[in-house]
Amino acid sequence: GMAGFAVRHPNGQIVHPYQWKASSDYQDQESTGGYYSVCIDNQFSKFAAKLVNLYITVIRYDKWDEYHKEIEDMNVGVENFTSTVKSVENNINHMLQHQHHVRSQENRDYNLLVDNKTYVN
């Protein structure tokens, strides 16, 4: 399924213009904080429901440099540690996406079974 996506920065500027696609992402490297506005549009499929998963990840890169320096002071291989952390994060995100996908399929199948039962009865 496709939907329209747009993001507005807390200062009112549209930082991710409206796009009609199956998935979309937005990254902000220097945010000052505040309330972002996210628009998810389903106007072209008025009679079809859609399940939308919204993932928000926050990493403070300014703090990451301080953390990096602390690890170097402890004589730990930073490249190895960083790649391991990224690998774990990627694996967790992949597992979460798979779980959400399986749950949505389970809900769809359950609704189909209930509809078929109602029809037969």
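Everything quoted here is computed from the prediction, not taken from an experiment.

So, how was this worked out
Residues numbered from 1 in each chain as written. Predicted model: local features only at pLDDT ≥ 70, side-chain atom pairs only at ≥ 80, totals over all residues. Heavy atoms only, no water. pLDDT = per-residue confidence, 0-100. Helix = DSSP H or I, 4+ residues; strand = E, 2+ residues; numbered from the N terminus. Salt bridge = Lys/Arg side-chain N within 4 Å of Asp/Glu carboxyl O. Domains from an automatic or database assignment. Buried area = accessible area lost by both parts, 1.4 Å probe. Polar contact = N/O pair within 3.5 Å; in protein donor to acceptor, adjacent residues only side chain to side chain. Nonpolar A, V, L, I, M, F, W, Y, C, P; charged D, E, K, R; others polar. Buried < 20%, exposed > 50% of the residue type's maximum accessible area, 1.4 Å probe, protein only. Contact = heavy atoms within 4.5 Å.

**Comments concerning the confidence of the model for the protein**
Per-residue confidence for the protein gives a mean pLDDT of 82, with 94% of residues at or over 70. Between the elements of the protein, mean pLDDT differs from a low of 74, seen in helix α1 (residues 61–73), to a high of 88, seen in strand β1 (residues 3–8).

**Thoughts on the pattern of salt bridges**
Taken as a whole, this structure holds one salt bridge when the rule is applied. In this structure, D109 engages R108 in a salt bridge whose closest nitrogen and oxygen atoms are separated by 3.6 Å.

**So, the domain arrangement of the protein**
Here the domain parsing of the protein yields domain 1 (1–59) and domain 2 (64–120). One C-alpha centre belongs to domain 1, the other to domain 2, and the line joining them spans 20 Å. Summed over both sides, the interface of domain 1 with domain 2 buries roughly 370 Å², with 63% coming from carbon and sulfur. Looking at the side of domain 1 facing domain 2, the largest losses of area belong to L51, Y55 and I59, adding up to 74% of the total buried there. There are zero salt bridges connecting domain 1 and domain 2. Linking domain 1 with domain 2 are zero residue pairs in polar contact (both at pLDDT 80 or more). In terms of residue class, the side of domain 1 that touches domain 2 is made up of three nonpolar, two polar and no charged.

**Examining the environment of S37**
Along the polypeptide, S37 turns up in strand β3 (residues 37–41). For S37, a relative accessible area of 33% corresponds to the partly exposed category. Separated by 30 residues in the primary sequence, S37 and V7 have C-alpha atoms spaced 5.7 Å apart. Other than its neighbours up to four places away in sequence, S37 contacts A6, V7 and R8.

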